[in-house]
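Next come the chains, spelled out residue by residue.
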Amino acid sequence: MHKMNKILSVIFIATFVINNVNGQNAYSPVPEEGIVNFVTSSTEIEPSKAKGSPYLNEEFVHGEVIVNEKVEEVGKMRYNAYRNEVEILDNLSKDSYYSLLKRAYIKVEIDGKLYRIYTYVDNDKSIKTSYFTELNEGPLKLLFKPEALLKQARTPSTSYEKYSPPTYVWNSSYYILDNRNKDSENHAVKVRLTKNNILDFTGSKKNEMKLYVKENKLNLRKEQDVIAFLNYFNSL
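Throughout what follows, the structure given in this document is the object of discussion. From a predicted model like this one, the values you see are computed outputs, not experimental measurements. (Residues numbered from 1 in each chain as written. Predicted model: local features only at pLDDT ≥ 70, side-chain atom pairs only at ≥ 80, totals over all residues. Heavy atoms only, no water.)

## Focus on the overall build of the protein chain
Secondary structure assignment for the protein chain yields four helices and 14 strands. For the protein chain, buried positions account for 36% of its 236 residues. Considering only contacts in the protein chain between residues 6 or more positions apart, those separated by 24 or more positions represent 54%. Accessible surface, the protein chain: about 15,100 Å² in total, of which carbon and sulfur atoms supply 51%. (Helix = DSSP H or I, 4+ residues; strand = E, 2+ residues; numbered from the N terminus. Buried < 20%, exposed > 50% of the residue type's maximum accessible area, 1.4 Å probe, protein only. Contact = heavy atoms within 4.5 Å. Areas by Shrake-Rupley, 256 points an atom, 1.4 Å probe, with all protein chains shown as cover.)

Right, dumping it as C-alpha cells:
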C-alpha cells in the first residue's frame, strides 16, 4: 500500500509539471508586476461617450510583450492612440485592463504590428517619448506614429445650432530615425513623405539614390515605396 501511494505521488507531480509547462503558452490571468503599471491599477472598460475611436482596433487581440528581446507576457492587447498606451486585458475579470510600462527595453507585438518606445523631436523642439511602429529595419528607419486627438464637445449658443459631442480625430504621422551615428543620441524627426524630404536623409549618396528612384519608378509619397527606398539605402 505504501509503495502504491509513492507511485501515485510521482504520477501526480509529473502531471502537475506537464500542466504547468503547457500552461505557459496560455494567456496569463494577470501580467507580471515588472512590466505593468499597477500605479493606476486596473481600469474598467466602459462605453465611450465620444464619437469615433482612439483605437486602430477596438477589440483586444493576441499580443506579446517583449522585454530585452525575450517574450515575457502573452495576452489580449490593444493600442490606445489617444493615451499613447498599450492596454492588456485582465483575463480574470474580462471587463478591465492594465497599462504597460513605457520603457525603451520593452516592446510589444499586437496583431503582427511591433510597437516600441522612441524619443522624438516635437513641434516645439522639445524631446519627448512615444510609441511608434517600425516600418523597416536598418540604421535609417521609417517610423509611424499613430495618434488620436480628442476634439472637445461644442455646446450650442443659440437654438439654431446643434450640439457636437466630443470626437476623436486621427492625426497620425511619419518619422525618420537616423541611427548611423552611434556616438550621438539620436531622436526621430517628423517627415512628410515627399521625394525631396526623403532624399535629404541620404547625405553623400543623394545623387545615387535619386537615380535609383528614377530607374525603379518609386513614388516617395507612398509608404511602401519609401520602405523599398530605405531598404536599398541601408544595404549600401
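From this point on, the discussion continues.
## Details of the environment of Asn231
As for its position among the elements, Asn231 is in helix α4 (residues 223–235). Taking the relative accessible area as the measure of exposure, Asn231 reaches 38% and is therefore partly exposed. Asn231 sits 90 residues away from Lys141 along the chain, and the two C-alpha atoms are 8.9 Å apart. Not counting the four nearest positions on each side in its chain, Asn231 is found in contact with Asn136 and Glu137.

## A closer look at the pattern of salt bridges
This structure, assessed with the given rule, holds eight salt bridges. Salt-bridge contacts for Asp122 lead to Lys128; the nearest nitrogen and oxygen are separated by 2.8 Å. Accessibility expressed as a relative area gives 36% for Lys128, which makes it partly exposed. In this structure, the salt-bridge partner of Lys206 is Asp200, at a minimum N-O distance of 3.0 Å. (Salt bridge = Lys/Arg side-chain N within 4 Å of Asp/Glu carboxyl O.)

## Description of the nonpolar core
Counting 19 residues, the largest nonpolar core has Leu142, Ile176, Ile198, Leu220, Val226, Phe229 and Leu230 as its most contacted members. Residue assignment for this core shows that the elements contributing at least two residues are β10 (140–145), β13 (173–178), α2 (195–199), α3 (206–215) and α4. The element that contributes the greatest number of residues to this core is α4, accounting for five residues. Look past the residues within four positions of Val226 in its chain and what remains in contact with it is Leu142, Leu193, Ile198 and Leu220. Formed by 17 residues, the second largest nonpolar core is a distinct cluster that contains Val67, Met77, Leu101 and Tyr131. (Core = buried A, V, L, I, M, F, W, Y, C linked by side-chain atoms within 4.5 Å.)

## Focus: the packing of aromatic side chains
Counting across every chain of the model gives ten aromatic pairs. Here Phe60 and Tyr97 contribute two aromatic rings whose centre-to-centre distance is 6.5 Å and whose plane-to-plane angle is 40°, an arrangement assigned as tilted. In this pair, Phe60 sits in the loop between β2 (43–44) and β3 (61–67) while Tyr97 sits in strand β6 (residues 96–100), placing the two residues 37 residues apart along the sequence. In this structure Tyr97 comes out as buried when scored by relative accessible area, which is 8%. Taken together, a centroid distance of 3.9 Å and an interplanar angle of 0° make the contact between Tyr212 and Tyr232 stacked. You can see Tyr212 sitting in helix α3 and its partner Tyr232 sitting in helix α4, a full 20 residues away along the chain. By way of ring pairs, the aromatic residues Tyr118, Tyr120, Phe132 and Tyr175 are connected into one cluster. Directly above the ring of Tyr55 sits Arg78, whose terminal nitrogen or CZ lies 3.8 Å from the centroid. (Phe/Tyr/Trp six-rings, centres within 6.5 Å; stacked < 30°, edge-to-face > 60°. Lys NZ or Arg CZ within 6 Å of the ring centre and 35° of its normal.)

## Considerations on α3
Within the sequence span of α3, burial applies to Met209, Tyr212 and Val213. Looking down the long axis of α3, one finds its buried residues gathered within 100° of arc, a one-sided arrangement. Seen from the open side of α3, the exposed residues pointing more than 90 degrees away from its buried face are Asn207, Lys214 and Glu215. At its buried positions, α3 is contacted by α2 and α4. Count one or two residues on from α3 and you reach Lys217, which has phi positive near 50°. (Arc of directions from axis to C-beta.)

## Some points on unusual backbone geometry
A positive phi angle, near 55°, is found at Asn84, a position not held by glycine. On the secondary structure map, Asn84 appears in the loop between β4 (70–80) and β5 (85–89). Backbone geometry places Asp111, a non-glycine residue, at a positive phi of 50°. The topology assignment puts Asp111 in the loop between β7 (106–110) and β8 (113–121). Exposure remark for Asp111: the relative accessible area of 58% places this residue in the exposed category.

## Let's talk about the packing of α3 against α4
With their axes 11 Å apart at the nearest point, α3 and α4 run at an angle of 135° to one another. Taken together, α3 and α4 sit at an angle that is classed as oblique. Here α3 runs over α4; the crossing is right-handed. Seen from α3, the contacting residues are Glu208, Met209, Tyr212 and Val213; seen from α4, they are Ala228, Phe229, Tyr232 and Phe233. (Axes fitted to C-alpha atoms, helices over the stretch in contact; angles between N-to-C directions. Parallel < 35°, antiparallel > 145°, perpendicular 65-115°, else oblique. Left-handed = near helix turned anticlockwise from the far one by under 90°.)

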